[in-house]
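Summary of structural features
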Amino acid sequence: MFDRIDRSMRSLAAFLAILGGLALIAVILATVTSVSGRALLWAGLGPIRGDFELVELGTGFAVFAFLPWVQINRQHASVEILTMHLGDTANRVIDMVSDLLMLAIALLLTWKHWDGTLDKLAYGETTFIIQYPIWWAYASGLVGAIGFVLVSIWCVILSARALMSGQNQSHGETVH
C-alpha cells in the first residue's frame, strides 16, 4: 500500500512537470512565431494577437506545475554548510521541519490561489487583447497548487517515517 501511494505521488508530480514542460514549449513556440511574424511584416505576416497574454498563462501554469516535482525530489534550494556536519538523526529532524514548513506554504499558496480564482470568476474579468477570462489562468495554476499540497503531505509522511524508523528515506531522495 505504501509503495503504491509513493508511486502515485511520484507519477502525479511527474505528470504535472511534463504538462508544465509542454506549456513552456508552447510558450516558446508562440513567442518565436510572434517575433518572426513581427520581423516578416513586409511579407504579410504579423505577431500573434495577445502573445504576451498567452505567455503569462503558460508560464503561470508551468511554475505551479513544477512545484510538486521539485518537492518530491527534494530539489528546493538548500544550504548544507551546517547540515553536512550534523548526524543522520539531526538531518532527519531538519527534513521533517522543512517538509512541515513546505506543507504550510503549499496550503497557504493554494488557499489564497483558490480565493483569487473565485474572485476572478465572480468579477468576470478578461484579458485586454484576446478577452479570455482571467480565472482560466488562475484555475490552471490551481491544478499545480493542489498537486503541490498532495505531494507536500506525502513528503511529511515520508519524513515522519524516516524519523521514526531511524533510516534515511529511499526512492532516490537526497538526504542531507
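Report follows, based on the coordinates. Here the structure is a predicted model, which means the values were calculated and not measured.

Digging into unusual backbone geometry
A positive phi angle, close to 50°, is found at R74, a residue other than glycine. Considering the arrangement of structural elements, one finds R74 in the loop between α2 (51-72) and α3 (88-123). Residue R74 is classed as buried on the basis of its relative accessible area of 14%. One non-glycine residue with positive phi stands out, namely Q131, at about 60°. Residue class for Q131 comes out partly exposed when judged on its relative accessible area of 44%.

Concerning the nonpolar core
Note on soluble globular proteins: their nonpolar side chains tend to be buried together. In this structure, F64, L67, M102, A106, L142, A145, F148 and V149 together form the largest nonpolar core, which totals 8 residues. Elements that contribute at least two residues to this core include exactly α2, α3 and α4 (134-165). Ranked by residues supplied to this core, first place goes to α4 with 4 residues. If you look at the next biggest cluster of nonpolar residues, it comprises 7 residues, including M9, I72, V151 and L158.

Some details on the packing of helix α1 (residues 2-39) against α4
At a minimum axis distance of 10 Å, the contact between α1 and α4 shows a crossing angle of 145°. Note on packing geometry: the crossing formed by α1 with α4 is left-handed. For the pair α1 and α4, contact is made by F2, I5, D6, M9, R10, L12, A13 and L16 and by V143, G144, G147, L150, V151, W154, I157, L158 and R161, respectively. When the residues that make up the contact of α1 with α4 are grouped by side-chain class, the tally is 12 nonpolar, 2 polar and 3 charged.

Thresholds, definitions, all that
Residues numbered from 1 in each chain as written. Predicted model: local features only at pLDDT ≥ 70, side-chain atom pairs only at ≥ 80, totals over all residues. Heavy atoms only, no water. Helix = DSSP H or I, 4+ residues; strand = E, 2+ residues; numbered from the N terminus. Buried < 20%, exposed > 50% of the residue type's maximum accessible area, 1.4 Å probe, protein only. Core = buried A, V, L, I, M, F, W, Y, C linked by side-chain atoms within 4.5 Å. Axes fitted to C-alpha atoms, helices over the stretch in contact; angles between N-to-C directions. Left-handed = near helix turned anticlockwise from the far one by under 90°. Contact = heavy atoms within 4.5 Å. Nonpolar A, V, L, I, M, F, W, Y, C, P; charged D, E, K, R; others polar.

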